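These are the residues of each chain, in order.
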Amino acid sequence: MPPANRHEPRRAKSSTSDYSVTEFLAEFPDDAACLEHLWRTRYSPDGEHAHCPRCDAQKVFKRYETKQQRQSWTCTSCGHHVHPTAGTIFHRSSTSLRLWFHAMYLMTSTRCGISAKQLERELGVHYKTAWRMFNKIRNELMTDGEFPRQLRGEVEVDETSWGGRPRKPQTRSEGVKFRENKPTILGMIERGGRVRLRVIAGRRGEPLSGAVRANVNPEAILITDDWRPYRPLRPEYAGHRVINHSAGSYVEGDIHTNTIEGFFGNLKTGMRGTYKKVSRKWLQGYLNEYAWRHNNRFHGQRSMFHALVQEAAK
Ligand SMILES: [Zn+2]
């Protein structure tokens, strides 16, 4: 067998990695490369021609050396400047584009995310900067529009509480009270498809049913446990299958909520491992991040990263 070429490391066929950090750094070595990427993505696919709003026509643009921190492209006919970061989360940020891109790379290339503490160490930025970057990416790039991409097909819906377990065994009513003081996460998942996660204000009434209505299409078939507050939704949906958890039943044929419960299990294990404590205020952002990765899981790592950059370039 010929010796392996150490300059061209090969991946095992089974490897799920298709975008190593070396490849990422080769594609985006510095701020200029990131800015060029935004320029092409947002304005100019060929890097030279773009629509000039002042000339109201397709014109040739040139990038001139300037003393500005971030360069702009200039219309060669009228001198109009276009700043590729205008209106994005990068605009007015004192953090370099290269660091923003690296943070997005790390968020899309790990299964359970990465903590701001680790980003601080890896990129050599202040903890507060790292935290702010993550927070913006989670809350501005990883959100999912409510309509029109509502969930369809068979949709399992379940709710869970976030943060700690009771220290001692509790009676049923103590258990209810304990859970009601914790943030409630509503999970809605298409079998074999997408997931939506929402922090809701309570586990009954409008907070619960309103979130289901906003995120699940009426043509879907709901699958829930026998928690009563789901009942009023029944006439609004194509179907509603109920698994009788309170009678100790967990699977009846294909009536079960194992998909969403499994998702909650992985979510909690992953979040506790990576982020330790997450307060109610920031919880939705972390949920966005987990849902985003799940919903983009069929793309390779490289396209996941580019999908996120694409979102930033909107
Ligand atoms: Zn012009």
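Worth saying up front: this structure is predicted, and the values here are computed from it rather than measured.

## Some details on the overall build of the protein
Alright, step 1. If you tally the helices and strands in the protein, you get 10 helices and nine strands.
Alright, step 2. Dimensions of the protein along its principal axes, counting C-alpha atoms only, are 75 × 55 × 40 Å.
Alright, step 3. Contacts spanning at least 24 positions in sequence make up 59% of the contacts within the protein whose residues lie at least 6 apart.
Alright, step 4. Split by element, the accessible area of the protein, about 17,500 Å² in all, is 51% carbon and sulfur.

## Comments concerning the coordination of the zinc ion
Alright, step 1. Distances from the zinc ion to its protein donors, namely Cys52 (SG), Cys55 (SG), Cys75 (SG) and Cys78 (SG), fall within the range 2.2 to 2.4 Å.
Alright, step 2. In this structure, the zinc ion is surrounded by four donor atoms whose angles at the metal cover 106 to 115°, and the resulting shape is tetrahedral.
Alright, step 3. Coordination of the zinc ion draws on donor residues from a single chain, spaced C-x2-C-x19-C-x2-C in sequence. Here Cys52, found in strand E1 (residues 49-52), pairs with Cys75, found in strand E3 (residues 73-75); they are 23 residues apart in sequence, far enough to count as distant. Cys75 carries the same exposure label as Cys52, and that label is buried.

## Some points on the packing of aromatic side chains
Alright, step 1. Within this structure, the stated rule accounts for 17 aromatic pairs.
Alright, step 2. On the numbers, 5.9 Å between centres and 40° between planes, the contact of Tyr19 with Phe305 is tilted. Taken together, the residues Tyr19 in the segment before helix H1 (21-27) and Phe305 in helix H10 (residues 301-312) connect sequence positions 286 residues apart.
Alright, step 3. Overall, Phe305 belongs to the buried group, its relative accessible area being 0%.
Alright, step 4. Here the aromatic residues Tyr19, Phe24, Phe28, Phe90, Trp100, Phe101, Tyr105 and Phe305 are joined through ring pairs into a cluster of three or more.
Alright, step 5. One Lys or Arg, Arg138, reaches over the ring of Tyr286 and ends 4.0 Å from the middle of that ring.
Alright, step 6. Above the ring of Tyr290, the side-chain terminus of Arg293 is found at 5.1 Å from the ring centroid.

## Things to note about the confidence of the model for the protein
Alright, step 1. When the pLDDT values of the protein are averaged, the result is 88; 91% of them are 70 or greater.
Alright, step 2. When the elements of the protein are averaged for pLDDT, helix H6 (residues 172-180) gives the smallest value, 76, and E1 the largest, 97.

## What about helix H7 (residues 205-215)?
Alright, step 1. Among all positions of H7, only Leu208, Ser209, Gly210, Ala211, Val212, Ala214 and Asn215 are buried.
Alright, step 2. Those residues of H7 that are buried lie in contact with strand E5 (154-161), strand E6 (184-190), strand E7 (195-200) and strand E8 (221-225).

## Comments concerning unusual backbone geometry
Alright, step 1. The phi torsion at Asp56 lies on the positive side, around 50°, for a residue other than glycine.
Alright, step 2. With respect to the secondary-structure elements, Asp56 resides in the loop between E1 and strand E2 (57-63).
Alright, step 3. The residue Arg92 is not glycine, and still its phi comes out positive at about 60°.
Alright, step 4. In this structure, Arg92 sits in the loop between strand E4 (81-82) and helix H3 (97-109).
Alright, step 5. For Arg92, a relative accessible area of 77% gives the class exposed.

Procedures and definitions
- Residues numbered from 1 in each chain as written.
- Predicted model: local features only at pLDDT ≥ 70, side-chain atom pairs only at ≥ 80, totals over all residues.
- Heavy atoms only, no water.
- Helix = DSSP H or I, 4+ residues; strand = E, 2+ residues; numbered from the N terminus.
- Contact = heavy atoms within 4.5 Å.
- Areas by Shrake-Rupley, 256 points an atom, 1.4 Å probe, with all protein chains shown as cover.
- Donors = N, O, S within 2.8 Å, 3.2 Å for Na, K, Ca; no water.
- Tetrahedral: all angles 85-135°; square planar, octahedral: opposite > 155°, others 65-115°.
- Buried < 20%, exposed > 50% of the residue type's maximum accessible area, 1.4 Å probe, protein only.
- Phe/Tyr/Trp six-rings, centres within 6.5 Å; stacked < 30°, edge-to-face > 60°.
- Lys NZ or Arg CZ within 6 Å of the ring centre and 35° of its normal.
- pLDDT = per-residue confidence, 0-100.

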